[in-house]
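The chain contents come next:
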Amino acid sequence: MAVRKATAADVEACAALLSAHREQLMAWNPRFWNPSAIAGPMTRAFLGHQVQQAETFLVFERDGVEGFLIATPAANPPVFDPGGPSVLIDDFCVREGALWPEVGGALLGAAREGWREKGVAQVIAVCADADAAKKSFLQSQGLATTSVWLAAPV
């Protein structure tokens, strides 16, 4: 088992994990999470770009890629002062929900270590409201719900 920096060779495996995750998201809210016709190619292009550009793009590999985490610097709103720079985790995925403690924990732990060295003050993570396994994991790691998005047809 190893956490390491992602490479171009990991793009397809990470795209497959995201595709499976999107199927679950769509089951929870088919309108909001409905993938576009170009979701697959756009995801691969995005991940390929992130391999080259993201400060933090880590994979957990054991028997293949079992999870990944991408984080980018996030500008703090000028009306809030969290005590330093923030990072945003928008893409954080594991092969199956039961792997959050082990795989998610290893990925988040490795990322946090690197962020501490850079003086990052806070991490912000995106999580679907219905994703109980991921939400529980993130809460177990000290993250708290700070905002909720609500969606409805017009």
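Our structure's up above, just so we're on the same page.
Rules behind the numbers
- Residues numbered from 1 in each chain as written.
- Predicted model: local features only at pLDDT ≥ 70, side-chain atom pairs only at ≥ 80, totals over all residues.
- Heavy atoms only, no water.
- Pairing = 2+ DSSP bridges.
- Helix = DSSP H or I, 4+ residues; strand = E, 2+ residues; numbered from the N terminus.
- Axes fitted to C-alpha atoms, helices over the stretch in contact; angles between N-to-C directions.
- Contact = heavy atoms within 4.5 Å.
- Buried < 20%, exposed > 50% of the residue type's maximum accessible area, 1.4 Å probe, protein only.
- Lys, Arg positive; Asp, Glu negative; His and termini not counted.
- Salt bridge = Lys/Arg side-chain N within 4 Å of Asp/Glu carboxyl O.
- Polar contact = N/O pair within 3.5 Å; in protein donor to acceptor, adjacent residues only side chain to side chain.
- Phe/Tyr/Trp six-rings, centres within 6.5 Å; stacked < 30°, edge-to-face > 60°.

Backbone hydrogen bonds are what pair the strands of a sheet, in a parallel or an antiparallel way. Spatial ordering of the open sheet is given by β1-β2-β3-β4-β5, a layout of five strands whose pairing is mixed. Each edge of the sheet is formed by a strand with only one pairing partner; in this case those strands are β1 (2–5) and β5 (122–125). Geometrically, the sheet is characterised by an average inter-axis angle of 25° between neighbouring strands, direction not taken into account. In terms of strand pairing, β1 meets strand β2 (residues 56–62) through four bridges, oriented antiparallel. Note that in β2 the partner of Val3 across the bridge is Phe60. On top of the sheet, helix α3 (residues 100–117) reaches β1, β2, β3 (64–74), β4 (86–94) and β5; it is set at about 145° to β2, its chief contact.

It is worth spelling out the side chain of Asp131 at this point. With respect to the helices and strands, the residue Asp131 is situated in the loop between β5 and α4 (132–140). Although buried, Asp131 forms no salt bridge, and the nearest oppositely charged side chain, Lys134, lies 5.4 Å from it. Of the polar contacts made by the side chain of Asp131, one reaches the backbone nitrogen of Lys134; its length is 3.2 Å. Setting aside anything within four residues of it in sequence, one finds Asp131 in contact with His21 and Trp28.

As enumerated under the stated definition, the model contains five aromatic pairs in all. A ring pair is formed by Phe32 and Trp33, whose centres lie 4.8 Å apart and whose planes are at 85°; its orientation type is edge-to-face. Since its relative accessible area comes to 42%, Phe32 is described here as partly exposed. For the pair Phe92 and Phe137, a centre-to-centre distance of 6.1 Å together with 70° between the ring planes defines the contact as edge-to-face. Separated by 45 residues along the polypeptide, Phe92 in strand β4 and Phe137 in helix α4 bring together distant segments of the chain. By way of ring pairs, the aromatic residues Phe92, Trp100 and Phe137 are connected into one cluster.

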